[in-house]
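Residues per chain are reported as follows:
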Amino acid sequence: MRYAGVAVAVAGVLVAAGAISYSVAGDNGADVPSADSADAGFARDMAVHHQQAVEMSYIVRDRTRDEDVRRLAYDIAQTQANQRGMLIGWLDLWGLPKVSSREPMAWMGMSGMASGEDGALMPGMATDAEMKKLGTLNGKQAEVFFLQLMTDHHKGGIHMAEGCVAKCTVGVEKRLAQGMVEAQESELRLMADLLKERGAAPRA
């Protein structure tokens, strides 16, 4: 696929940048964000958001033999697992809790945007029922449902990452968020093509 190389390259850049980011964020003790800051809120929320994407990707890798979808799923799982590690690592470096009593996305001024019902804690997240359904499908059906779920997931993730770009104050975190936006926009284009090849389209 013509976008596959781009997606892999972007993922590689993000992972390499992440190793540097982890070693820099908060090490000098300056400008450590507060527990209620956008920096901390984004790190907590995106870590949860990414974890579901990783789980979804590994599910579909076991449900299809299509190399394009398996490669995409692997790239998403590896990239987002690495980014999740960075986000949690920053919370550790800052001495901040990994959970909050505040609603998800409150740091964006958007608490209550998702009902939280059936596991969908933030916009774009799949419900528990949808995750269970993905695990029952095979072949083309699994591919299409995964691509549709991940398209929604990426759109929600991009919205959150854009919020961090606008509101976060830690430079390395803002840069990581911008990298997420660019990489996931590239993957959205790839997923649209993969869906079209299968006679399907993103969900409305």
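Residues numbered from 1 in each chain as written. Predicted model: local features only at pLDDT ≥ 70, side-chain atom pairs only at ≥ 80, totals over all residues. Heavy atoms only, no water.

1. Focus: the confidence of the model for the chain
Part 1: Summarising the model, the chain shows a mean pLDDT of 87, and 82% of its residues fall at 70 or more.
Part 2: A low-confidence stretch, residues 6-13 stays under pLDDT 50, and its non-local contacts, those more than four residues away or across chains, total 6 contacts.
Part 3: Ignoring residues within four places in sequence, the model shows residues 15-24, a span with pLDDT below 50, making 9 contacts including any to other chains. (pLDDT = per-residue confidence, 0-100. Contact = heavy atoms within 4.5 Å.)

2. Looking at the state of the cysteines
Part 1: Within the structure shown, the criterion is met by 1 disulfide.
Part 2: Two residues share a disulfide in this structure: C164 and C168, whose sulfurs sit 2.2 Å from each other. Every disulfide takes its handedness from the sign of the S-S torsion; for C164 and C168 that torsion is -120°, giving left-handed. Take C164 and C168: they sit in the same class, and that class is buried. (Disulfide = S-S within 2.5 Å. Buried < 20%, exposed > 50% of the residue type's maximum accessible area, 1.4 Å probe, protein only.)

3. A look at the packing of aromatic side chains
Part 1: By the definition in use, this model includes 2 aromatic pairs.
Part 2: Centroid distance F42 to W107: 5.7 Å. Interplanar angle 75°. Geometry classified as edge-to-face. Here the residue F42 occupies a position in helix 2 (residues 38-61), and W107 occupies one in the loop between helix 3 (67-94) and helix 4 (128-134), the gap between them amounting to 65 residues. Across this residue pair, the class does not change: F42 and W107 are buried.
Part 3: Between W90 and W94, the ring centres sit 6.2 Å apart and the planes meet at 25°, which makes this aromatic pair stacked. Of this pair, W90 and W94 both sit in helix 3, separated by 4 residues, roughly a single helical turn.
Part 4: Its relative accessible area of 0% is what places W90 among the buried residues.
Part 5: For K133, the ring lying beneath its charged end belongs to F145, and the centroid distance is 4.5 Å. (Phe/Tyr/Trp six-rings, centres within 6.5 Å; stacked < 30°, edge-to-face > 60°. Helix = DSSP H or I, 4+ residues; strand = E, 2+ residues; numbered from the N terminus. Lys NZ or Arg CZ within 6 Å of the ring centre and 35° of its normal.)

4. Some thoughts on the packing of helix 2 against helix 5 (residues 139-167)
Part 1: Where helix 2 meets helix 5, the closest approach of the two axes is 10 Å, and the angle between their N-to-C directions is 165°. Classified by the interaxial angle, the pair formed by helix 2 and helix 5 is roughly antiparallel. For helix 2 against helix 5, the interelement crossing comes out left-handed. Residues A38, F42, D45, M46, H49, Q52, A53, M56, S57 and V60 of helix 2 form the contact with helix 5, whose participating residues are A142, F146, L149, M150, H153, G156, G157, M160, A161, C164 and K167.
Part 2: Of the residues assigned to the contact of helix 2 with helix 5, the class counts are 13 nonpolar, 6 polar and 2 charged. (Axes fitted to C-alpha atoms, helices over the stretch in contact; angles between N-to-C directions. Parallel < 35°, antiparallel > 145°, perpendicular 65-115°, else oblique. Left-handed = near helix turned anticlockwise from the far one by under 90°. Nonpolar A, V, L, I, M, F, W, Y, C, P; charged D, E, K, R; others polar.)

5. A closer look at the packing of helix 2 against helix 3
Part 1: The contact between helix 2 and helix 3 brings their axes to 8 Å, and the two run at 155°. If you check the angle between helix 2 and helix 3, you find them roughly antiparallel. In terms of crossing hand, the pair formed by helix 2 and helix 3 is left-handed.
Part 2: Taken together, the residues that form the contact of helix 2 with helix 3 break down as 19 nonpolar, 6 polar and 5 charged.

6. A short note on the environment of E130
Part 1: Tracing the sequence through the fold places E130 in helix 4.
Part 2: Residue classification places E130 among the buried positions, given a relative accessible area of 18%.
Part 3: A C-alpha to C-alpha distance of 10.0 Å links E130 and M56, two positions 74 residues apart in sequence.
Part 4: Those residues in contact with E130 that sit more than four places away from it in its chain are F145, L149 and R203.
Part 5: Of note is the side chain of E130, whose polar atom sits 2.9 Å from the backbone nitrogen of T127. (Polar contact = N/O pair within 3.5 Å; in protein donor to acceptor, adjacent residues only side chain to side chain.)

7. Concerning the pattern of salt bridges
Part 1: On inspection of all chains with the given rule, the structure shows 7 salt bridges.
Part 2: E143 is paired through a salt bridge with R198; the nearest N and O atoms lie 2.7 Å apart. One end of the pair, E143, is in helix 5; the other, R198, is in the segment after helix 6 (171-197), with 55 residues separating them in the sequence.
Part 3: By relative accessible area, which is 11% here, R198 ends up buried.
Part 4: With a closest N to O distance of 2.7 Å, R203 and D152 form a salt bridge. With R203 in the segment after helix 6 and D152 in helix 5, this residue pair connects regions lying 51 residues apart in the sequence.
Part 5: Note on R203: relative accessible area 30%, which makes it partly exposed.
Part 6: Each of D66, E143, E197 and R198 takes part in salt bridges that share partners, so that together they form one network. (Salt bridge = Lys/Arg side-chain N within 4 Å of Asp/Glu carboxyl O.)

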